[in-house]
Amino acid sequence: MARKFIKKWMPDPARIKANPALHFLGDLLHDPNLFHLNRHSVSVAFFVGIFTAFLPIPGQMPLAALFALLARCNLPLSVALVWISNPLTIAPLFYATYKLGTVILQSPPVEFTIELSWTWFLQEFQHLWQPLVAGSLLCGLCFGGLGYITMQIFWRRQVLKNWQRRKRERAAKKKTPHS
């Protein structure tokens, strides 16, 4: 069940491998673990994708792909999960991680307003980056770990459920007379 549900949303591995923009990766994309849907590959992909989604940097998708290559987990799932931090969620997500970072580092929060300019970034970000990174790393580790554990439990429950269903079907089959 879990595999069927996830596979429905996954891109075709052959199309990804045939993409000319990814040829620089050479044989790395031919590792079968990058596209397998098993408990380990999916659970690690959840950790990688969610952890990367909390990193306050541009280029989260390529970074998630790199982490997936290094961890040899499901590549498309790792990259897709980065979209937890999307244009609608990124501001509240990073504000919350900044506030958590100020608590962790025991530093007073800095009052600021966000302007989308290089001047603001160069002047203000130097005061914000340490709490932001600390909170983001902690949230990434915690929520990534929670995603990993959740997928392990979900997958295991689905396997047990399927075993029980097959056991009932075999028992019912034995009870019916063969003609």
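The numbers attached to residues start from 1 for each chain and follow its sequence in the written order. Under the rules for a predicted model, residues below a pLDDT of 70 receive no local features and side-chain atom pairs below 80 are neither given nor counted, while totals for whole chains, interfaces and linings still include all residues. Water and hydrogen atoms play no part in the side-chain values, which are based on all heavy atoms of the structure.

## Focus on the overall build of the protein
Thought 1: Runs of H or I in DSSP of at least four residues are treated as helices and runs of E of at least two as strands, each being numbered from the N terminus. When its secondary structure is counted, the protein shows seven helices and zero strands.
Thought 2: For the exposure calls, accessible area comes from a 1.4 Å probe over protein chains only, and a residue counts as buried if that area is under 20% of its type's maximum, exposed if over 50%, partly exposed in between. Residues classed as buried in the protein amount to 34% of the 179 residues present.
Thought 3: A contact between two residues is defined here by any heavy atoms of the two lying within 4.5 Å. For the protein, contacts bridging at least 24 residues in sequence account for 71% of all contacts bridging at least 6.
Thought 4: Each accessible area value is a Shrake-Rupley result obtained with a 1.4 Å probe; residue values ignore everything except the protein chains displayed when judging cover. With the model as given, the accessible surface of the protein reaches about 12,100 Å², and the carbon-plus-sulfur share is 67%.

## A short note on the pattern of salt bridges
Thought 1: A pair is scored as a salt bridge if a Lys or Arg side-chain nitrogen falls within 4 Å of a carboxyl oxygen belonging to Asp or Glu. Applying the stated criterion across every chain yields a total of one salt bridge.
Thought 2: A salt bridge links Arg165 to Glu169; the shortest N-O distance between them is 3.1 Å. Here Arg165 and its partner Glu169 are both found in helix 7 (residues 118-175), four residues apart, which amounts to about one turn of the helix.
Thought 3: Residue class for Glu169 comes out partly exposed when judged on its relative accessible area of 45%.

## Overview of the layout of surface pockets
Thought 1: Residues are said to line a cavity or pocket when one of their atoms sits within 4 Å of a point; the points come from a 1 Å grid over protein atoms alone, cavities being sets where a 1.4 Å probe fits but cannot get out and pockets being open sets with protein on both sides within 12 Å along at least five of seven lines. Grid points are joined across faces, edges and corners, and a volume is the space filled by probe spheres set on the points. Counted as a void, the largest pocket has a volume near 840 Å³.
Thought 2: If you trace the largest pocket, you find 21 residues lining it, with Ile90, Phe94, Trp120, Phe125 and Leu132 closest to the centre.
Thought 3: For the lining of the largest pocket, the secondary structure elements donating two or more residues are helix 6 (90-105) and helix 7.
Thought 4: Per-element accounting of the lining of the largest pocket gives the leading share, six residues, to helix 7.
Thought 5: The residue makeup of the lining of the largest pocket, split by class, is 17 nonpolar, three polar and one charged. Note on residue categories: nonpolar means Ala, Val, Leu, Ile, Met, Phe, Trp, Tyr, Cys or Pro, charged means Asp, Glu, Lys or Arg, and polar means any other residue, Gly included.

## Notes on a positive patch on the surface
Thought 1: Taken together, Arg166, Lys167, Arg170 and Lys174 make up a surface patch of like positive charges.
Thought 2: Among the secondary structure elements, Arg166 is positioned in helix 7. In this analysis, a patch consists of residues with relative accessible area above 30% that form no salt bridge, clustered at 9 Å for like charges and at 5 Å for the nonpolar side chains Val, Leu, Ile, Met, Phe, Trp and Tyr. Only four residue types enter the charge count: Lys and Arg as positive, Asp and Glu as negative, with His and the chain ends excluded. Throughout, a charge is located at the NZ atom of Lys, the CZ atom of Arg, the CG atom of Asp or the CD atom of Glu.

## Here we look at the confidence of the model for the protein
Thought 1: The predictor attaches a confidence to each residue, called pLDDT, with possible values from 0 through 100. Residues of the protein with pLDDT of at least 70 account for 81%, and the chain-wide mean is 85.
Thought 2: Mean pLDDT across the secondary structure elements of the protein bottoms out at helix 1 (residues 2-9), with 64, and peaks at helix 3 (residues 39-53), with 95.

## Thoughts on the nonpolar core
Thought 1: Among buried residues, the Ala, Val, Leu, Ile, Met, Phe, Trp, Tyr and Cys ones that are joined through side-chain atoms within 4.5 Å form a nonpolar core. Among the nonpolar cores identified, the biggest contains 27 residues, and Val42, Phe46, Cys73, Leu75 and Leu77 are the most heavily contacted of them.
Thought 2: Elements supplying a minimum of two residues to this core: helix 3, helix 4 (60-71), helix 5 (75-81), helix 6 and helix 7.
Thought 3: With residues up to four places along the chain from it excluded, the contact list for Phe46 reads Leu77, Leu81, Gly147, Tyr148 and Met151.

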